Amino acid sequence: MSDWQRSHSDEEDEDEFEPFSGRSGIVLVIDCAGYMFQQAGESEPRFVEVLHIIEAMMRNKVIASEKELVGVVFYNTKNNPAPESEEEHQLGLVAPQQCAIYVPLASISVEMIRKVRGLRESSDFYNFDEKYGHVEGTSLSNVFWFCSRLFSHCGYKLEQSTIVLFTSNDEPHNSSTVEYQQALLKARDLQQKEIFVELVPMDSNFDCNKFYKEFLCTVLDEDINEFVAPIYEQSTQRLLRRLFIKSHQKRSLAHLKWHLSDDLSLGVNVYSLSRKPRLPKKVKLLRSTNEVIVSKRVHMASTFSEEREEEETKVLLPGEQMKSIMIGGEKVSFKPEEVALMKQLLPPGIRLLGFKPASIVQITNHVRGSLFMYPNESHINGSTTLFRALYEKCLEKKQVAFCIFTMRRKQAPRLVALVPQEQSAPSPFGDADRYCGFRVEFIPFADDIRKLSVLEENASNEVTNEQTDVFKKVVKKIKFKFHPTNFENPMSQNLYINLESLLFDVEDAELFDTTLPDYDRIDSKLEALVDDMQNLFGEDAEEAPKRRRNEQTEDDNQPQSKGARVGPASDEELLELIKQGNISGLTIPMLKEYLQRKGVSGLSKLTKSGLIDKIRETHAD
């Protein structure tokens, strides 16, 4: 029988459940016309800058999103060379004229990144002029048709397909040409297949109104009057953002019903907007052959005779196992189905208790990270209208809804407060920091709240107005603008940077810890207040150095080494100590050793008091 309490320790891990999300594919399309290879002043050619961006994206995704498929396609090329190896050859895929595959659509590997890096670092780009060549005027309709074929022949059912286009030509086709109409027709086809197109202009003077405005609005099914043209600096900055974070898919954690009463409910989805980074799992390998070791846990039951000899051993199936818990010295056992019934107090869903003012939800009530709730119209028709009406009224009256929240089966219900929030301004990378909807804040039960006597007994120290004024100036001088995107997790950053250095043979890889304070700035700001702080508060008291045990003293010339505790010299002395009740100097190994010499067995589970009682019983007999 296993310990029932062990199952309760995984409750927080169950709350961090991450649903399965399918693979996504990205095809990076690079314009290889002659103007992409021209060097403007001291800056690198645009083709080299594109390779920098692609390498950074691949290095990020090989660690953060290893399941994503990435491919690289050239267009505006004169030649279309055959694949270099058999592995890169994909049956049924033939690139059209003036197009070429450089990296086939597949899961990212170290070899793919080295191939892109080698092309960038080569002086002649692996003899690009003769191998691929340069032309202009390639039909974008053929390019996007070929990209859609790559997605359909990749061997996976992709959840999201994206084409990223790198070019500095803002008018590939004139509006009076046939290629222009074919490109718009292909844009409607991509919109029906739910293939997104993202444009990365490689020129600061790029004008989207000539061609790409209408094309992108058709692909993304957006209003042409609300179109926001991509900017060269912002697009490259977003793609070059090198944060080692897991790019979680925007999938809901659960589809639930929010029961407002017995006969009224609406459908909602629950999302997690923040999550701790999941570090890569370690795999055990056999040292001699580097084979992966597969471990399995099997529960065995054995019976023993009176002479402690094993008689029978058999494998326990899940239905034959029991779980137990110790209560008052007695072991209470339950079947697995009984434990499941005890956990399942309420079916999954959200049940409204009532409304309270928003001021009642304080920062000290947040026992864990919050979730986000949004209506689900496909679950119950009319949920969006009812959700919106309730959200706006709570926001207007500054009220929060207190509910009992059960996310899934076999999970304990939680007390939550649904706090309405308005949408904030978008971040520099385009995503909003806060969305409009209900924020799910977890509130502690009465059993969870602790009252510390040390905080109630000790009175707070009294400070003068002068001391308070000094620290008002300190707070004012070292203020800074905070945003969570400015602080990266140093633990995961250090791990991934070391992994990168091993994979790509990078020497002297440095970690820039964004959580370290700027001591130079703080010292310069507080330099004028240091004297006032010393006069008002005094200097810090210096603690006496702690003396080590093996350190020599003036009274004892011999070092005091840490050794085993000295026990009684004989059995008679041990019995005398027990008779007098002076057992502080006796240890469990000493007591067990004495009883074993007397021939007493069954001592493995006895405590110190139990061993002493055993000794007294032995001598009483």
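Residues numbered from 1 in each chain as written. Predicted model: local features only at pLDDT ≥ 70, side-chain atom pairs only at ≥ 80, totals over all residues. Heavy atoms only, no water.

### Comments concerning the packing of aromatic side chains
Turning to step 1, where the next piece is worked out: Per the stated rule, a full pass over the model turns up 24 aromatic pairs.
Turning to step 2, where the next piece is worked out: Their ring planes at 85 degrees and their centres at 5.4 Å tell us that Phe74 and Tyr132 sit as a pair that is edge-to-face. With Phe74 in strand β3 (residues 69–75) and Tyr132 in the loop between α4 (128–131) and α5 (140–152), the pair connects residues that are 58 residues apart, well separated along the chain. For the pair Phe74 and Tyr132, a shared accessibility class is recorded, and that class is buried.
Turning to step 3, where the next piece is worked out: The interplanar angle of 25 degrees and the centroid separation of 6.1 Å between the aromatic rings of Phe372 and Tyr374 together place this pair among those described as stacked.
Turning to step 4, where the next piece is worked out: Through a chain of ring-to-ring contacts, three or more aromatic side chains come together here, namely Phe37, Phe47, Phe74, Tyr102, Phe125, Phe128 and Tyr132.
Turning to step 5, where the next piece is worked out: The ring of Tyr156 carries the charged tip of Arg23 above its face, separated from the ring centre by 4.1 Å.
Turning to step 6, where the next piece is worked out: Taking NZ or CZ as reference, Arg368 lies 4.3 Å from the ring centre of Phe442, over its face. (Phe/Tyr/Trp six-rings, centres within 6.5 Å; stacked < 30°, edge-to-face > 60°. Helix = DSSP H or I, 4+ residues; strand = E, 2+ residues; numbered from the N terminus. Buried < 20%, exposed > 50% of the residue type's maximum accessible area, 1.4 Å probe, protein only. Lys NZ or Arg CZ within 6 Å of the ring centre and 35° of its normal.)

### Considering empty space enclosed by the protein
Turning to step 1, where the next piece is worked out: The tally for this structure, following the rule as stated, stands at one cavity of 30 Å³ or more.
Turning to step 2, where the next piece is worked out: Counted as a void, the largest cavity has a volume near 30 Å³.
Turning to step 3, where the next piece is worked out: Lining the largest cavity, in full, are Ile26, Leu28, Ile54, Met57, Met58, Lys61, Val70 and Ile108.
Turning to step 4, where the next piece is worked out: Mapped onto the lining of the largest cavity, the elements with two or more residues apiece are β2 (24–31) and α2 (46–64).
Turning to step 5, where the next piece is worked out: Considering each element in turn, the lining of the largest cavity owes the most residues, four residues, to α2.
Turning to step 6, where the next piece is worked out: For the lining of the largest cavity, a count of residues per class yields seven nonpolar, no polar and one charged. (1 Å grid on protein atoms, 1.4 Å probe; cavity = no way out; pocket = protein on both sides within 12 Å on 5 of 7 lines; lining within 4 Å. Points joined across faces, edges and corners; volume = space filled by probe spheres on them. Nonpolar A, V, L, I, M, F, W, Y, C, P; charged D, E, K, R; others polar.)

### Side note on the sheet that holds β2
Turning to step 1, where the next piece is worked out: Taken in spatial order, the five strands of this open sheet run β4-β3-β2-β5-β6, and their pairing is mixed. On the outer flanks of this sheet lie β4 (99–107) and β6 (195–201), each paired with one strand and no other. When strand polarity is set aside, the average angle formed by the axes of neighbouring strands in this sheet is 15 degrees.
Turning to step 2, where the next piece is worked out: In the sheet, strand β5 (residues 160–167) pairs with β6 via seven bridges, with the strands oriented parallel. Counted as the bridge partner of Leu165 is Leu199 from β6.
Turning to step 3, where the next piece is worked out: The strands touched by helix α7 (residues 212–220) are β5 and β6; relative to β6, the strand with the most contacts, the crossing angle is about 150 degrees. (Pairing = 2+ DSSP bridges. Axes fitted to C-alpha atoms, helices over the stretch in contact; angles between N-to-C directions. Contact = heavy atoms within 4.5 Å.)

### Quick word on the environment of Phe445
Turning to step 1, where the next piece is worked out: Along the polypeptide, Phe445 turns up in the loop between β17 (437–443) and α11 (453–457).
Turning to step 2, where the next piece is worked out: Between the alpha carbons of Phe445 and Leu415 there is a distance of 6.9 Å; along the sequence they are 30 residues apart.
Turning to step 3, where the next piece is worked out: Residues contacting Phe445, with those up to four places away along its chain left out, are Pro413, Arg414 and Leu415.

### Side note on unusual backbone geometry
Turning to step 1, where the next piece is worked out: The phi angle at Phe125 is positive, at roughly 55 degrees, despite the residue not being glycine.
Turning to step 2, where the next piece is worked out: Tracing the sequence through the fold places Phe125 in the loop between α3 (110–121) and α4.

### Observations concerning the pairing of strand β10 (residues 310–315)
The side chains of a regular strand alternate, residue by residue, between the two faces of the sheet.
Turning to step 1, where the next piece is worked out: Two elements, strand β9 (residues 300–304) and β10, share five bridges in a ladder whose sense is antiparallel. Across the sheet, residue Ala301 finds its bridge partner in β10, namely Lys314.

### Focus: a positive patch on the surface
Turning to step 1, where the next piece is worked out: A surface patch of like charges, here positive, comprises Lys473, Lys476, Lys477, Lys479 and Lys525.
Turning to step 2, where the next piece is worked out: Sort the elements by how many residues they give to the positive patch and helix α12 (residues 465–477) lands first, with three residues.
Turning to step 3, where the next piece is worked out: Here Lys473 shows up in helix α12. (Patch = residues over 30% accessible without salt bridge, like charges linked within 9 Å, V, L, I, M, F, W, Y side chains within 5 Å. Areas by Shrake-Rupley, 256 points an atom, 1.4 Å probe, with all protein chains shown as cover. Salt bridge = Lys/Arg side-chain N within 4 Å of Asp/Glu carboxyl O. Lys, Arg positive; Asp, Glu negative; His and termini not counted. Charge placed at Lys NZ, Arg CZ, Asp CG, Glu CD.)

### Topic: the packing of α12 against helix α15 (residues 530–537)
Axis angle and axis distance: for two packed helices, these are the angle between their axes and the distance between the axes, and together they describe the pair.
Turning to step 1, where the next piece is worked out: Axis separation between α12 and α15 bottoms out at 10 Å; the angle between their running directions is 150 degrees. As summarised for this structure, α12 and α15 are arranged roughly antiparallel, according to the angle between their axes. Where α12 crosses over α15, the handedness of that crossing is left-handed. Packed against α12, whose contacting residues are Glu466, Gln467, Val470, Phe471 and Val474, the element α15 presents Asp532, Met533, Leu536 and Phe537 at the interface. (Parallel < 35°, antiparallel > 145°, perpendicular 65-115°, else oblique. Left-handed = near helix turned anticlockwise from the far one by under 90°.)

### Focus: the sheet that holds strand β7 (residues 254–261)
Turning to step 1, where the next piece is worked out: Ordered by their spatial adjacency, seven strands build a closed barrel running β7-β8-β14-β17-β16-β15-β13, and the pairing between neighbours is mixed. Sheet twist, expressed as the mean angle between neighbouring strand axes with direction ignored, is 40 degrees.
Turning to step 2, where the next piece is worked out: Of the strand pairs in this sheet, strand β16 (residues 414–421) and β17 are connected by seven bridges, and their pairing is antiparallel. In the sheet register, Leu415 faces β17, and the bridge partner there is Ile443.

### Section: the side chain of Ser161
Turning to step 1, where the next piece is worked out: With respect to the helices, strands and loops of the structure, Ser161 is situated in strand β5.
Turning to step 2, where the next piece is worked out: Filtering out sequence-adjacent residues up to four positions away, Ser161 remains in contact with Gly25, Phe151, Glu194, Ile195 and Phe196.

### Things to note about a nonpolar patch on the surface
Turning to step 1, where the next piece is worked out: A grouping of Leu279, Met491, Leu495 and Leu499 is seen on the molecular surface, where their side chains present a nonpolar patch of about 310 Å² in accessible area.
Turning to step 2, where the next piece is worked out: Take Leu499: it is sitting in helix α13 (residues 490–503).
Turning to step 3, where the next piece is worked out: Under the relative-accessibility criterion, Leu499 is labelled partly exposed at 31%.

### What about the pairing of β3?
Turning to step 1, where the next piece is worked out: Summarising burial for β3: seven of the seven residues are buried, a large majority.
Turning to step 2, where the next piece is worked out: Burial of the side chains of β3 extends over both faces: Leu69, Gly71, Val73 and Tyr75 are buried on one face and Val70, Val72 and Phe74 on the other.
Turning to step 3, where the next piece is worked out: Two strands pair when backbone bridges link them, and β3 and β4 are joined in this way by six bridges, in the antiparallel orientation. From the neighbouring strand, Leu69 faces β4, where its bridge partner is Ser107.

### Regarding the environment of Pro96
Turning to step 1, where the next piece is worked out: Topologically, Pro96 is positioned in the loop between β3 and β4.
Turning to step 2, where the next piece is worked out: Assessed through its relative accessible area of 15%, Pro96 is described here as buried.
Turning to step 3, where the next piece is worked out: With 43 residues separating them along the chain, Pro96 and Ser139 place their C-alpha atoms 9.9 Å apart.
Turning to step 4, where the next piece is worked out: In this structure Pro96 touches Asn80, Asn142 and Phe146, once residues within four positions along its chain are discounted.

### Focus: the confidence of the model for the protein
Turning to step 1, where the next piece is worked out: Scored by pLDDT, the protein has a mean of 82; 85% of the residues are at 70 or more.
Turning to step 2, where the next piece is worked out: In this model residues 1–20 is a low-confidence stretch, pLDDT under 50, and it forms 39 contacts with partners more than four residues away in sequence or in other chains.
Turning to step 3, where the next piece is worked out: Counting interchain partners and residues more than four positions distant, the pLDDT-below-50 stretch residues 558–564 has six contacts. (pLDDT = per-residue confidence, 0-100.)

### Describing the state of the cysteines
Turning to step 1, where the next piece is worked out: According to the stated counting rule, one finds zero disulfides in the structure shown.
Turning to step 2, where the next piece is worked out: Just so you know, Cys208 is unpaired, no disulfide at all, and the nearest cysteine sulfur is the one on Cys217, 9.7 Å from it.
Turning to step 3, where the next piece is worked out: Owing to a relative accessible area of 4%, Cys208 belongs among the buried residues under this scheme. (Disulfide = S-S within 2.5 Å.)

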